[in-house]
Amino acid sequence: MNTIAPNASAIVPPRLSIQPEVTYPTQGKGDASIVLRLTVSADGAVRDAQVAEGDEPFASAALEAAKSWKFEPATRDGRPVAAIVRFQVSFVEPEPELPAQTAPDASPRPDNTNPGLVAVTTRKPTASATAVEREIDVTVEGERLAPAVSSFTRAEVRQLPGAFGDPFRAIEAMPGVTPIVSGLPFFYVRGAPPGNVGYFLDGVRVPYLYHVGLGPSVIHPAMVDRVDLYPGGYPARFGRYAGGIVSGEAAAPRTDLHGEGNIRLFDLGAMAETGFLKGRGSVLLGGRYSYTATLLSLIAPSVDLAYRDYQARVTYDLTPHDRITAFSFGAYDLVGQRSNGIETILFGSEFYRLDLRHDHDFGNRTTLRTAVTVGYDQTRITDRQNAQDRMLSVRTALRKPIAIGLLLRAGADVIVDGFTADKARYADPESPRTIQFNNLFPVRNDAAMGIWADVVIQASRSLELTPGLRVDNFISNGSSIPAIEPRVAAKYRVSEHLRIIHAYGVAHQPPSFVVPIPGLTPGDLQGGLQSSVQTSAGVEIDLPAATTATATVFHNAFYNMNDALGARSNTTSGTGFGTALTARARGEAYGFELFIHRQLSGRLGGFLTYTLSRATRTLNDSRFPSAFDRTHVANAALAYDLGRNWRAGTRLVFYTGTPVVTPTRGLVIAQPSLSNDRNPAFYRVDLRLEKRWKYGERTWVAFIAEVMNATLSKEIYNSTTIGPITIPSIGVEAGF
Amino acid sequence: MSQHARKQVNTVALAILFVTGSCLPKDTRPPPAEVLVQAASDDAVQTGLTSDDGWHIVFSRYLVTLGQASINGDTCNAYAEGDYTRVLDMQQPSPQKVNLLYGLGTCQFSFALIHPREDSVIGAGVTADEALMMRTAGSDVYTSWTDQLAGINTYVVGSATKGSQSKHFAWPFRQDFYMQLCTVVTDAGPEQDLQLRQRESLSVELQVHGERLFQLGPLRRLFEPFAGADTSYGNNDGDVTLEELSRVPATVSGNLGGVTFVDGGIVIEPGALMAQAQFSSPDAGIPDAGPALPGARSPVAAPETLGDFLVYWLLPASISYQGLGICSHSPRRPSQRGQ
C-alpha cells in the first residue's frame with residue numbers, strides 16, 4: 001500500500017526550514033524540471049533522495065543539493081513522522097546578462113503556500129526566480145522496503161541498455177538471477193526454477209511478465225514505479241511460491257495531466273493520466289500494440305505474431321480517509337501460421353485482471369486495504385486442449401502501529417480458480433503427450449486460503465526485526481493440504497554507512513508447470529506441495545559517490561520440487577520430458593552475491609552484479625548439478641551523460657556454461673556416468689544511445705537507439721547453437 | 001441511452017468479458033481429412049517362408065517400432081501429426097494402428113522406423129520388458145558411424161532349417177531410418193500425393209515383408225549367404241549374428257548397385273529391389289545422413305558386407321507403402337526431426 005489521500009487536518013507535509021541553494025549547472029541549457037523523491041526523516045533531515053523525473057545535468061545538481069536540505073518534518077496529529085515527498089526543482093535558463101543597473105536576487109525561493117506543494121526554482125545568479133507550483137502527493141512513509149531485496153526504479157531502468165525501458169526486464173541483471181538462455185524472459189532465482197517465481201503488480205498476481213517473441217513486458221513501463229526482486233526470505237504478505245518473488249509497484253496516482261508515448265520498430269505504446277473533480281479522482285489509461293504481424297508479413301508472410309496489452313486505473317477519494325481504486329490490466333499474445341489460406345494458431349495466450357480496492361485510513365498510521373480481484377486467463381497450444389482459468393480473489397491487509405517501535409501488518413485472502421478446457425478438435429486421442437497434457441491440467445476448481453502477519457520491531461535505534469508467519473491451505477479436486485510458513489528478517493545498523501541484513505523463511509507452493517503460462521497450472525495437488533527453506537545473510541555499505549554495495553551469502557533448500565528443466569543429467573537416462581514434468585526432486589542452491597550500484601540516472605551511473613553459486617538436484621538418489629547451474633553470472637552496466645542531452649550506455653552480460661547433458665533420446669542408459677563437462681561461457685554487450693529535446697519544463701521528445709546483443713554472440717547449449725538472439729530497437733519517445 | 005443505462009451496459013459487458021470473454025480467435029480452420037496409419041505384415045512374418053535355396057525360415061518374434069508419421073508439402077496443411085511411436089508385434093492380427101493424422105490438401109507421407117521412447121505406445125502382444133529392451137541403449141558396428149548410442153527399432157528372432165542344418169538368428173536392428181517420399185505405382189504412374197479432402201477418412205497401410213530380409217536379388221530369397229556368415233566367417237555355433245554378417249565381404253557392381261560377394265559368396269544381380277532403396281542425395285531432397293565420424297564409414301556408401309546390405313538396404317526396404325509402394329529411406333542421425 002503506497003498512498004492514501006491525505007487528510008489536511010491530520011497530516012502536515014514537511015516544509016523546507018532552510019532556504020536551499022541549488023546551482024544552475026554550468027553545462028546546463030534551457031529550462032528543466034526535476035522531480036525528486038525525498039525521504040525526510042522525523043528529524044527533518046533528508047535520509048534518501050532519488051530522481052523520479054528529469055535529466056542531466058540538472059538531475060545530479062538537484063540530487064546533490066537535496067542531500068543537504070533541512071526540513072521541518074511532516075507531522076501526523078502533531079507528532080513528527082518520516083515522510084516521502086515528491087519535490088520539484090525547476091531550473092530556468094538565465095536571460096542574457098543585463099547592464100549594471102539590474103540587480104536581481106539570485107536566491108532560489110521555495111513556495112510553501114500550499115500544503116503538499118513544494119517547489120524550488122533556481123537560476124544562475126544573473127536571473128530572477130519565479131516560483132512554479134505543481135500539486136504533488138505526499139506519502140507518509142508506509143511500507144518500507146523489506147531487507148534482502150533488490151530494486152530498480154523506473155527512472156534507472158530507462159537508462160539500462162538491453163532493457164528497452166522495461167522495469168521488469170531489469171530483473172535479469174539482478175544478483176541471484178541465472179538466465180536460461182540470453183534474451184529469454186525466464187530465469188532461475190537462487191536455484192528456483194521459472195515456474196516457482198511469482199510475479200505481482202500492486203499485490204495482484206500476474207501470470208506472466210513478457211510478451212511472446214522476446215517482446216516487452218505486459219505492463220507499460222510508465223505504469224511501474226519500481227520493481228523489487230525478493231530472491232528469498234520475503235515478507236509474510238507474499239506466499240504460494242517456493243522460489244523468488246518479483247513485485248512491481250505501480251506509480252502512485254497523479255492528478256496533474258501527464259503522459260508519454262513511444263513508437264518503436266515493432267510496437268507503439270502510450271500512457272496518459274489526469275485528475276478529475278478537483279483532484280479527488282484520477283484516471284489513467286495505457287497500452288501497447290505491436291504491429292509485428294504487418295512487418296513480418298513483408299519478410300515471412302506465413303507467420304503471424306501479434307501482442308498487445310492495456311492498463312486502466314481510476315481512483316476516487318470518497319472521503320479524506322477513504323479511497324477506492326479500480327485497476328484493470330491485461331495482455332494478449334498470438335503466434336500463428338498461415339498456409340494455403342488456412343490460419344493455424346500455434347500459440348495464443350491472454351489474461352485480464354480487474355482489481356477493485358478500498359483503502360481506509362483510520363489515523364494514527366493505521367490503514368486497511370480490502371480488495372476484490374477477478375481474472376480470466378486462457379492459453380491455446382496447437383494440437384492441445386485450450387486451457388482457461390477464471391479467478392476470483394478477495395484480500396485484506398491491515399497496517400497498525402501497536403506501540404512505539406512496533407508495527408503490525410496482517411492480512412488474509414481467498415482465491416478461487418475455476419479451470420476449464422476445450423478438448424483439441426483434431427488430435428489423436430492415443431497420443432501420450434495429449435493424454436499427459438489433459439491429465440496434468442484437468443478441469444476442476446482450486447482454492448487457496450491464507451492468513452499472514454508480521455511485526456516490524458524497532459528493537460533499538462540500530463536493530464530492526466521482522467518476525468512473521470503465514471498459513472495457507474490449498475484445495476484442488478478434493479485434495480487439501482495446509483502449509484505453515486515462518487519468516488524472519490533483520491536489519492542491524494552497525495554505523496551510518498554499514499548495515500547487516502538477514503532473511504530467513506519457509507515457503508510452499510502447489511505443483512507448478514515448467515514456466516508460468518496462463519491457465520496451465522497442474523491440478524489435483526498431484527505429488528503434494530513444493531517446499532523451500534530460504535536463508536541469506538549480508539552486509540550493505542554506503543560507499544562514496546552515492547554508491548552502495550551489498551554482499552550476500554545465501555542457501556536455499558528445495559523439497560518435492562517440480563523442475564522439469566533443471567532436474568536432468570546424464571544419470572537420469574530414460575526419463576523423458578513427460579515424466580520430468582511430474583517428477584519431484586530435492587534441490588539445493590548456495591552462493592555469494594555482490595551488488596555495487598550507483599544510480600544509472602545520474603551523470604555517470606552504473607552497477608555491477610556478480611553471483612557465484614552452485615545449484616544441485618537429487619532425483620532417485622542421484623545427486624547432480626542442476627541442468628541450468630551456472631557458476632558465475634555477472635552484469636556490468638554503465639550509463640553516461642555526454643552532454644547536450646545525449647546519453648549513452650552499455651551493459652556487459654557474462655555467464656559460464658551449464659553442465660553438458662547428453663540427450664538420451666528416450667533411451668535407457670545401462671550405466672550412466674555424470675559428466676563434468678560444461679557448455680561454453682557466454683557474453684553479450686548491449687548498447688543504448690539517446691538524444692533528447694526539451695520543450696518547456698515538462699515536454700520532451702527523445703530518439704533512442706538500443707541493441708540487445710550488439711556483439712551478435714551465439715550461445716552453445718548441449719551441442720546446439722542458439723542465436724544470435726539480437727534485438728535492435730529504434731524509436732521515438734515523448735512525454736508531457 | 002441514459003447515462004445510468006450506459007453504465008449498466010458497460011458493467012455487464014465488463015463482467016461478460018471477465019467471465020466468458022476472450023480475444024483469442026476461434027479455430028476457424030475447415031474440417032480436415034482423417035488419415036489412419038496402420039501396419040500389417042505379410043505371410044512370411046506370420047507363418048514363415050521357404051527360401052529359393054531350400055531353407056525353411058520361421059520367425060518366432062518380429063517386433064517393429066513405427067511412428068512419427070507426418071504429412072507435408074507446399075499445398076498441404078497438417079493439422080495434427082504423429083508425435084509418438086508404437087511398438088508392434090507384427091505377428092499379431094493385422095492391421096494395427098500406428099498413428100492418426102489430420103490434414104487438408106495435397107500431401108506427401110513420411111514416417112520413421114525408430115527405437116521406442118519412454119512414451120511410446122506398446123502394442124498388443126508386446127511386453128513391457130521387450131519395450132524396455134528396445135529402449136536400452138547400445139551400439140554395434142552399424143551405428144558406429146556416429147558417437148551416439150542407439151536403441152532397437154526392429155527385433156527379429158527366428159530359425160532356419162535345411163535338411164540336417166539348422167541356424168538360429170536374433171537380430172536387434174539399431175540403425176533408425178527416416179522414410180519419406182513414399183510412392184505408390186498406379187496405372188497412371190508413380191503417385192506420391194495423398195489427396196486429403198474435408199471430412200474424408202483415409203487409411204495408409206504400411207506392410208512389413210519379412211521375406212525381404214533375405215531378398216538378395218529380384219525374386220531371389222536366399223538364406224545360404226546368411227548361414228555362411230556363421231559357418232565360414234563366424235564361430236559356427238549355429239547363431240547367425242549381425243556382427244558375423246558384417247564380416248562377409250561384398251563389392252558393388254553395376255549401375256544399380258548390384259552386390260557381388262567374393263570368396264565363395266554369391267552374386268546379387270542388380271534389379272528393382274536395389275532401385276527401390278534410394279539413398280540420401282541432395283538431388284532427391286532427402287535429408288542427408290551427415291558426415292560419419294573420422295575413420296568410420298558413412299552408411300550411405302555402397303555396402304561392403306552382407307551385414308551392410310541387410311541393415312542399410314534390406315531392412316528399410318522391407319516396409320512397403322500402400323501395398324507395393326516404396327519410400328525413400330535415409331539413416332537417421334539423432335539430431336534429426338523428432339529426437
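Residues numbered from 1 in each chain as written. Chains lettered and ligands numbered in written order. Predicted model: local features only at pLDDT ≥ 70, side-chain atom pairs only at ≥ 80, totals over all residues. Heavy atoms only, no water.

Undergrad: Go over the overall build of chain A, please, and point to the residues and values.
TA: Secondary structure summary: chain A contains five helices and 43 strands in total. Here chain A holds 736 residues, and the buried ones make up 57% of them. Within chain A, contacts between residues separated by at least 24 positions form 66% of all contacts whose residues are at least 6 apart in sequence. In the form shown here, chain A has an accessible surface area of approximately 28300 Å², with 60% of it arising from carbon and sulfur atoms. (Helix = DSSP H or I, 4+ residues; strand = E, 2+ residues; numbered from the N terminus. Buried < 20%, exposed > 50% of the residue type's maximum accessible area, 1.4 Å probe, protein only. Contact = heavy atoms within 4.5 Å. Areas by Shrake-Rupley, 256 points an atom, 1.4 Å probe, with all protein chains shown as cover.)

Undergrad: Now, about the overall build of chain B: what can you tell me, with residues and values included?
TA: The number of helices and strands found in chain B is seven helices and 18 strands. Evaluated residue by residue, chain B yields a buried proportion of 51% over its 339 residues. Long-range contacts, defined here as pairs at least 24 residues apart, represent 73% of the contacts in chain B between residues at least 6 apart. For chain B, the computed accessible surface area is about 13900 Å², with 53% contributed by carbon and sulfur atoms.

Undergrad: I'd like a rundown of the interface of chain B and chain A, residues and numbers included.
TA: Counting residues at the interface gives 46 residues for chain B and 44 residues for chain A. The junction of chain B with chain A conceals about 3700 Å² of combined surface from both sides, 52% of it contributed by carbon and sulfur atoms. Counting across the interface, chain B meets chain A through five salt bridges. The tally of links between chain B and chain A comes to 15 residue pairs in polar contact (both at pLDDT 80 or more). Of all elements in the fold, only α1 (3–20), β4 (76–80), β6 (96–113) and α3 (128–135) of chain B reach the threshold of two or more residues within the side of chain B that touches chain A. (Buried area = accessible area lost by both parts, 1.4 Å probe. Salt bridge = Lys/Arg side-chain N within 4 Å of Asp/Glu carboxyl O. Polar contact = N/O pair within 3.5 Å; in protein donor to acceptor, adjacent residues only side chain to side chain.)

Undergrad: Explain the pattern of salt bridges to me, and be specific about the residues and the numbers.
TA: Applying the stated rule across the entire model yields 53 salt bridges over all chains. Of the charged contacts in the structure, one is a salt bridge between Asp27(B) and Arg425(A), with a shortest N-O distance of 3.8 Å. Linking Asp27(B) in the loop between α1 and β1 (33–41) with Arg425(A) in the loop between β27 (406–422) and α4 (432–440), this pair reaches from one chain into another. Put simply, Arg617(A) and Asp563(A) hold a salt bridge, and the shortest N to O gap is 2.8 Å.

Undergrad: Which residues make up the packing of aromatic side chains, and what values go with them?
TA: For any pair of aromatic rings, the description rests on two quantities: the centre-to-centre distance and the angle between the ring planes. In this structure the tally under the stated criterion is 37 aromatic pairs over all chains. With 5.1 Å between their ring centres and 75° between their planes, Phe59(B) and Tyr62(B) make a pair best called edge-to-face. Here the two residues Phe59(B) and Tyr62(B) agree in accessibility, since each one is buried. Sitting over the ring of Trp700(A), Arg692(A) keeps its end group 3.9 Å from the ring centre. (Phe/Tyr/Trp six-rings, centres within 6.5 Å; stacked < 30°, edge-to-face > 60°. Lys NZ or Arg CZ within 6 Å of the ring centre and 35° of its normal.)

Undergrad: Before we move on, could you go through the environment of Gly163(B) and cite the residues and values that matter?
TA: Residue position: Gly163(B) is located in the loop between β8 (154–162) and β9 (165–173). Residues Gly163(B) and Trp55(B), spaced 108 residues apart in sequence, show a C-alpha to C-alpha distance of 8.3 Å.

Undergrad: Lay out α3(B) with the relevant residues and their values.
TA: Residues and elements named next belong to chain B. Turning to α3, its buried residues number three or more, namely Glu 130, Ala 131, Met 134 and Arg 135. For α3, the angular spread of buried residues about the axis comes to 140°, placing them on one side. Along α3, exposed side chains directed more than 90 degrees from the buried face belong to Ala 128 and Asp 129. (Arc of directions from axis to C-beta.)

Undergrad: Tell me about the confidence of the model for chain A, and please be specific about residues and values.
TA: The share of residues in chain A with pLDDT of 70 or more is 88%, and the mean pLDDT across the chain is 84. No element of chain A has a lower mean pLDDT than strand β9 (residues 109–110) of chain A, which averages 32, and none a higher one than strand β29 (residues 463–476) of chain A, which averages 96. (pLDDT = per-residue confidence, 0-100.)

Undergrad: Run through the state of the cysteines, naming residues and quoting values.
TA: Residue and element names in this part refer to chain B. The full count for this structure, using the stated rule, is two disulfides over all chains. Each sulfur of the disulfide joining Cys 76 and Cys 107 lies 2.0 Å from the other. Disulfide Cys 76 to Cys 107: torsion about the S-S bond roughly 90°, handedness right-handed. Within this pair, whereas Cys 76 is found in strand β4, its partner Cys 107 is found in strand β6, the two being separated by 31 residues in sequence. Here Cys 76 and Cys 107 have matching classes, each one buried. Here the cysteine-cysteine linkages of chain B are recorded as 1-2, 3-4, numbering only bonded cysteines and doing so in sequence order. (Disulfide = S-S within 2.5 Å.)

Undergrad: Got a sec to walk through the domain arrangement of chain A? Specific residues and values, please.
TA: Residue and element names in this part refer to chain A. Domain parsing of chain A yields domain 1 (8–140) and domain 2 (248–735). Across the contact, 24 residues belong to domain 1 and 21 residues belong to domain 2. At the boundary of domain 1 with domain 2, total buried surface from both sides reaches about 1800 Å², with 38% on carbon and sulfur atoms. Where domain 1 packs against domain 2, one counts zero salt bridges. (Domains from an automatic or database assignment.)

Undergrad: Any chance you could break down helix α4 (residues 224–231) of chain B for me, citing the residues and the numbers?
TA: In an α-helix, one turn spans 3.6 residues, which is why side chains three or four residues apart end up on the same side. Residues and elements named next belong to chain B. The element α4 is extensively covered by neighbouring structure, given that six of its eight residues are classed as buried. Within α4, the full set of buried residues consists of Pro 225, Phe 226, Ala 227, Gly 228, Ala 229 and Asp 230. Looking at the packing, one finds that the buried side of α4 touches β9, β14 (239–240), α5 (242–245) and α7 (306–317).

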